[in-house]
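One-letter residues, chain by chain:
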Amino acid sequence: MSFGRGVALVGGATTKFGVRAATWAELAQEAGGALFRAVPALTRADVDSLFVGAAEPERFAFQSHVAPFAAEQMGLAPRRVIQRTELACASGQSAIRSAYAAIASGLSDVAVAVGVEKMNIPSMAEANTSMGCVMDRAWDGAHGATAPPFFAMVAQRHQLEYGTSDDALAAVSEKNHRFANSNPNAQFFDKTFDRAKLGRLPVVAPPLRLGDCSSMTDGAAAVVLVADELATKYTKTPVRVAGTGQYADFHNLANAGSLTDWVGLRHAAGEAFRSAGIGPKDLDFAEMHDCFTISEIVEYEAIGLCPPGAGGQYVLDGRSSLGGDVVVNTRGGLLGCGHPLGATGIAQAVEVFDQFEGRVPAARQVPDPHWALVHNLSGSANVHSVMIYEGAS
Amino acid sequence: MAGSSEAPRRRAAVLAPPEPAPPKSEPEPVKKPAAPLPFLLDFFPLEDEKNTRLAAFFRNLKEGRLTTTKCRSDGTLAWPPRVVCPQCHQADLDWVDLPMVGRIYAFSAVLMGAPLGMESEVPFVVGLVDIPDVPFRLFGRIVGTPWEQCHVGQKVRAEPYELPDGRVFYRFRTVG
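Residues numbered from 1 in each chain as written. Chains lettered and ligands numbered in written order. Predicted model: local features only at pLDDT ≥ 70, side-chain atom pairs only at ≥ 80, totals over all residues.

Asks: Before we go on, may I ask you to explain helix α3 (residues 66-74) of chain A in this structure?
Replies: In an α-helix, one turn spans 3.6 residues, which is why side chains three or four residues apart end up on the same side. Residues and elements named next belong to chain A. Of the residues making up α3, those classed as buried are Val-66, Phe-69, Ala-70, Ala-71, Gln-73 and Met-74. Of the surrounding elements, those touching the buried residues of α3 are α1 (24-38), β2 (49-53), α2 (57-60), β3 (81-85) and β4 (110-117). Count one or two residues on from α3 and you reach Gly-75, which has phi positive near 75°. (Buried ≥ 20, exposed ≤ 12 C-beta atoms within 10 Å, placed from the backbone. Helix = DSSP H or I, 4+ residues; strand = E, 2+ residues; numbered from the N terminus. Contact = placed C-beta atoms within 7 Å.)

So this is what it looks like as structure tokens:
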């Protein structure tokens, strides 16, 4: 990495994701407990900085100033950097990226990035309003825009321009739900979905059915990042932060340009690959932002796994499954795990660490991985955040 | 960007005519609940001079005109309307009329998961509309045709509608 000193991911853990009988604060406590159990060498005093990925605690939990709130829940007293990162659906990766920057610059040596989101609240209509204000609420939200109709339009255009089938959409959901069946922390761990069953679920926003959409989910996750020279104190399998890229190119839907060519993702992934010194063909596995089935298909194309328009065939041919080219979303994805906005990006990094450590169940273990990519989009795919990790072996 | 070339530019032509009661199969026009939503749950912007420097947009809309700002310095046409040009950062902007007629570029419908206050409007159609001669599309609610019968390329016309508290907003109505 060309920027600052080296940074390593040395461990992490997630809570159970789902419709949880637990508050925001309780989820933060659970994530803290899980992190310290997963990284036994880590002490509270080691942690000099805390980055809290939280998209909408004001809306869903009526709580602001959540960085010190989370620190107290987790038993931490940060002395270098404490801050919240908010980037809607990418708030978690934003916390990791900020922790990385703080360590690379020398401001921090040992930083925890935690993501927490509580989304299931007594009034789901209020929750839907909160999701609508991720958009330009006065000019888009007021028309009734939330994520499902926006991504439905992406799917409609992809189907129109490239002939992508409903079956290809369902294939993404089927693959990620199958991976989720090996992840006990996934919201849909114990639910099985095949393409036929997915095709019978109710339509949310045509052409997208319930199984094409990630869920409103409660959950939290935490990782610890350290300066390279400290890494072996915490793990035998440190994972190097090898590259990163980010791009934001519009906000209001009027200014989206092409719905099927995610220019921002091409920029963000290009920058991440350049900074890591690798290309898409080098990847062994990837955690991608499958907030909707169509998202994963467009992402294959923009990240460079396949040509524009070929994303549907890519998943149908099994090229993103175990044994394929680049295994995508072994954790179960947002579709299988649920999507607690702030926690998702952190949970993806936990999967990256666990894959490199070789301790995930065989049903989803990638054989001898070396390079991994993590992608999050946020909002109406108007911001893209990408990180590339290198395993030790 | 594709779009219709027959957009009317005269004010009189764009006022929505009085409408007959819609047939049963047609989506209901957008209605807001009688009880106002708390401010932080209400998507619709406050539109008077006390609250925004874009009050002219809503005054123009009440007259049946869909307008936005154009920079006097570099000609940038922006959406949504601005108080500062996003290109040259000058604050000297004019209000100009947008074409009112365009064609659907993409659409979907909300069949579940509507925000608070919009639940009774389900199912409703939203879409991105290509309008001619501007560097953006317009997003909005589309009324007049059930979602099952809407199609990409369908002609729509922008129209104002009034909220129960007197505020005004815009939507699209399918033409023909």
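Asks: What's the story with the interface of chain B and chain A in this structure? I'm lost.
Replies: Frequently, the measure chosen for interface size is the accessible area that the parts lose on association. Listed by partner, the interface residues are 31 residues for chain B and 31 residues for chain A. For the side of chain B that touches chain A, the secondary-structure elements that each account for two or more residues are β4 (101-110), β5 (124-130) and β6 (138-143) of chain B. No other element matches the 5 residues that β4(B) contributes to the side of chain B that touches chain A. Each residue belonging to the side of chain B that touches chain A can be placed in one class, and the counts come to 25 nonpolar, 3 polar and 3 charged. (Nonpolar A, V, L, I, M, F, W, Y, C, P; charged D, E, K, R; others polar.)

Asks: Is there a simple way to think about the sheet that holds strand β2 (residues 77-78) of chain B in this case?
Replies: Within a sheet, adjacent strands bond to each other through the backbone by hydrogen bonds, running parallel or antiparallel. All names here are of chain B. With respect to topology, 3 strands assemble into an open sheet ordered β2-β1-β3, the strand pairing being antiparallel. In this open sheet, the two strands that pair with only one neighbour each are β2 and β3 (93-97). Of the pairings in the sheet, the one linking strand β1 (residues 67-71) to β2 comprises 2 bridges and is antiparallel in character. Paired with Lys-70 across the bridge in β2 is Leu-77. (Pairing = 2+ DSSP bridges.)

Asks: Is there a simple way to think about the confidence of the model for chain B in this case?
Replies: Any residue range with low pLDDT should be treated as having predicted coordinates unsuitable for detailed reading. Residue and element names in this part refer to chain B. On average, residues of chain B score 87 in pLDDT, and 81% of them reach the 70 mark or higher. In the model, residues 1-24 has pLDDT below 50 throughout and makes 35 contacts with residues more than four positions away in sequence or in other chains. Scoring of the predicted complex yields 0.93 for pTM and 0.96 for ipTM. (pLDDT = per-residue confidence, 0-100.)

Asks: Is there a simple way to think about the pairing of β4(B) in this case?
Replies: Where a strand is regular, its side chains alternate between the two sheet faces. Residues and elements named next belong to chain B. Taken across its 10 residues, β4 has 9 buried, putting it largely inside the fold. Taken together, the 7 bridges between β4 and β5 define a ladder with antiparallel strand orientation. Residue pairing in the sheet places Val-110 in a bridge with Phe-124 of β5.

Asks: Which parts of the structure should I look at to understand the sheet that holds strand β8 (residues 239-248) of chain A?
Replies: Residue and element names in this part refer to chain A. If you walk across this open sheet you meet the 10 strands as β3-β2-β4-β7-β1-β8-β12-β11-β9-β10, and the pairing is mixed. The sheet is open, and its two borders are formed by β3 and β10 (327-328), each paired with just one other strand. Bridge count between β2 and β4: 5 bridges; the pairing is parallel. Residue pairing for β4: Leu-50 is matched across the bridge by Val-112. Against the sheet, helix α4 (residues 91-105) contacts β1 (7-14), β2, β3, β4, β7 (219-227), β8, β11 (371-378) and β12 (383-390), and its axis sits at roughly 160° relative to β2. (Axes fitted to C-alpha atoms, helices over the stretch in contact; angles between N-to-C directions.)

Asks: Looking at this structure, I do not really get the packing of α4(A) against helix α13 (residues 341-357) of chain A. What am I missing?
Replies: Packed helix pairs are specified by the crossing angle of their axes together with the interaxial distance, meaning the distance between the axes. Residues and elements named next belong to chain A. Remark: α4 packs on α13, axes separated minimally by 5 Å, with the N-to-C direction vectors making an angle of 55°. For the element pair α4 / α13, the angle class is oblique. Note on element contacts: α13 touches α4 through Leu-341, Gly-342, Ala-343, Thr-344, Gly-345, Ile-346 and Ala-349, opposite Ser-91, Gly-92, Gln-93, Ala-95 and Ile-96. Here the contact of α4 with α13 is built from residues that sort into 6 nonpolar, 6 polar and no charged. (Parallel < 35°, antiparallel > 145°, perpendicular 65-115°, else oblique.)

Asks: What am I meant to see in the domain arrangement of chain A here?
Replies: Residue and element names in this part refer to chain A. Segmentation of chain A into domains returns domain 1 (7-122 + 217-239) and domain 2 (146-214 + 242-390). Taking only C-alpha atoms into account, the centre of domain 1 sits 23 Å from that of domain 2. Counting residues at the interface gives 40 residues for domain 1, matched by 33 residues for domain 2. Where the side of domain 1 that touches domain 2 is concerned, the elements lending two or more residues are β1, α4, β4 and β7. Looking at the side of domain 1 that touches domain 2, the element that brings in the most residues is α4, giving 8 residues. The class makeup of the residues in the side of domain 1 that touches domain 2 is 21 nonpolar, 14 polar and 5 charged. (Domains from an automatic or database assignment.)

Asks: Can you help me understand helix α2 (residues 55-62) of chain B in this one?
Replies: Residue and element names in this part refer to chain B. Those residues of α2 that sit buried are Phe-57, Phe-58, Asn-60 and Leu-61. One side of α2 holds all its buried residues, which, seen down the axis, span an arc of 160°. Note on α2: the residue one or two positions beyond its end, Gly-64, has a positive phi of about 90°. (Arc of directions from axis to C-beta.)

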